[in-house]
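Residue strings, one per chain:
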Amino acid sequence: MDLRGAVALVTGGNGGLGQRICHALAQQGAHIAVMYAQSRDQAEGVARELKSQYQINAAAFACDITDDAAVAKLIGDVSSRFGRLDILINDAAYNKSIPFSDLDNLTLEVWDKVIAVNLTGPMRMIKAVAPVMQAQGRGRIVNISSIAGLQPTGSSIAYAISKAGLIHLTRCMAVALAPETLVNCVAPGLLEGTRATANLLPEMIARNAAGSLLKKAADKDDCADMVVTMCRTETMTGQTIVIDSGRVFH
């Protein structure tokens, strides 16, 4: 798909990886809807930067992706603002670090919130954009998972399960939405400079990097470039690509 003039909605577009994705898509000529949950000033700043740097249209939109009415309003507002909606990037996520062995602190409240944001939220977004993309005759959806969804690792059991579910949701939605809409997934390893890793201890980050073949954290720009590839492709759907400096093979 030619990305020039396409409209992309990036959830969590004001986050560390989300901003890189916004820039990578805008560089290809796509117009960007930067969705945020709370950080309005930051999201509006990202939109201004995108417009200035790439001469495309961009705007910030608030949304709670755990709320059906809010998601429906978001899709309507983005479609009205830009005239169409071609791409959905599900990057918004919630994370709380709890050791796997600490089942007492893995409360149902924590579990429910992680699943609601990381798995049910993307499902809501996909269901909301599906009719729009079907009517247009084309669409691209890219989910941002994690290598925690491919092996029992990561910041908590709830996070790992939510990301595993997102990988399989990618496969199922690829079946459900073919042939008009292609659905793929990127599974990054440890990324420095993101909200998901902001609370990790430096020694944990160093240990993760040392455990990879390339002895470094995954690169946000590599992940963003893969998102662009998945938006441009005409013959790839239902796939998950791991970018983790060589830790997980699947």
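Computed from a predicted structure; not experimentally measured. (Residues numbered from 1 in each chain as written. Predicted model: local features only at pLDDT ≥ 70, side-chain atom pairs only at ≥ 80, totals over all residues. Heavy atoms only, no water.)

Attention shifts here to the packing of aromatic side chains. In this description, an aromatic ring pair is defined by two values, namely the gap between the centres and the angle between the planes. By the definition in use, this model includes one aromatic pair. Taking NZ or CZ as reference, Arg 81 lies 4.9 Å from the ring centre of Phe 82, over its face. Seen from the ring of Tyr 94, Lys 113 lies directly overhead, with NZ or CZ sitting 4.2 Å from the centre. (Phe/Tyr/Trp six-rings, centres within 6.5 Å; stacked < 30°, edge-to-face > 60°. Lys NZ or Arg CZ within 6 Å of the ring centre and 35° of its normal.)

Ile 21, Leu 25, Ile 32, Leu 50 and Ile 89 are the most contacted members of the largest nonpolar core, which totals 37 residues. Residue assignment for this core shows that the elements contributing at least two residues are strand 1 (7–11), helix 1 (16–27), strand 2 (31–36), helix 2 (40–54), strand 4 (87–90), strand 5 (139–144) and helix 7 (220–232). If you look at the next biggest cluster of nonpolar residues, it comprises 29 residues, including Phe 61, Cys 63, Ala 130 and Met 133. (Core = buried A, V, L, I, M, F, W, Y, C linked by side-chain atoms within 4.5 Å. Buried < 20%, exposed > 50% of the residue type's maximum accessible area, 1.4 Å probe, protein only. Helix = DSSP H or I, 4+ residues; strand = E, 2+ residues; numbered from the N terminus.)

Attention shifts here to the environment of Val 71. One can find Val 71 in helix 3 (residues 68–82). A sequence separation of 54 residues divides Val 71 from Met 125, and the C-alpha atoms of the two residues are 6.6 Å apart. Not counting chain neighbours up to four residues away, the residues in contact with Val 71 comprise Cys 63, Asp 64, Ile 65, Arg 124, Met 125 and Ala 128. (Contact = heavy atoms within 4.5 Å.)

Along the chain, the position of Ser 145 falls in the loop between strand 5 and helix 5 (157–177). A polar contact of 2.8 Å, which involves the side chain of Ser 145, links it to the backbone oxygen of Lys 163. With residues near it in sequence (within four places) discarded, Ser 145 still touches Lys 163, Leu 166, Ile 167, Cys 185, Val 186, Ala 187 and Pro 188. (Polar contact = N/O pair within 3.5 Å; in protein donor to acceptor, adjacent residues only side chain to side chain.)

The next thing to look at is the sheet that holds strand 2. Within the open sheet, the seven strands sit side by side as 3-2-1-4-5-6-7. Their pairing is parallel. The open sheet has two edge strands, strand 3 (58–62) and strand 7 (240–243), and neither has a second partner. Direction aside, neighbouring strands of the sheet carry axes that sit 20° apart on average. In terms of strand pairing, strand 2 meets strand 3 through five bridges, oriented parallel. Within strand 3, the position partnered with Met 35 by the bridge is Phe 61. Packed onto the sheet, helix 1 meets strand 1, strand 2, strand 4, strand 5 and strand 6 (181–188) and runs at close to 175° relative to strand 1. Sheet contacts for helix 4 (residues 108–136): strand 1, strand 4, strand 5 and strand 6; angle to strand 4, the most-contacted strand, approximately 175°. (Pairing = 2+ DSSP bridges. Axes fitted to C-alpha atoms, helices over the stretch in contact; angles between N-to-C directions.)

For the structure shown, the criterion picks out eight salt bridges. Note that Arg 40 is salt-bridged to Glu 44, the shortest N-O span being 3.0 Å. Taken together, the positions of Arg 40 and Glu 44, both in helix 2 and four residues apart, correspond to about one turn of that helix. Of the residues examined, Arg 40 reaches a relative accessible area of 48% and is grouped as partly exposed. The partner of Arg 140 in a salt bridge is Glu 234, with the nearest N and O atoms 3.1 Å apart. Here Arg 140, found in strand 5, pairs with Glu 234, found in the loop between helix 7 and strand 7; they are 94 residues apart in sequence, far enough to count as distant. For Arg 140, a relative accessible area of 3% translates into the label buried. For Glu 234, a relative accessible area of 55% gives the class exposed. Beyond isolated ion pairs, a larger network of salt bridges with shared partners links Arg 84, Asp 86 and Arg 138. (Salt bridge = Lys/Arg side-chain N within 4 Å of Asp/Glu carboxyl O.)

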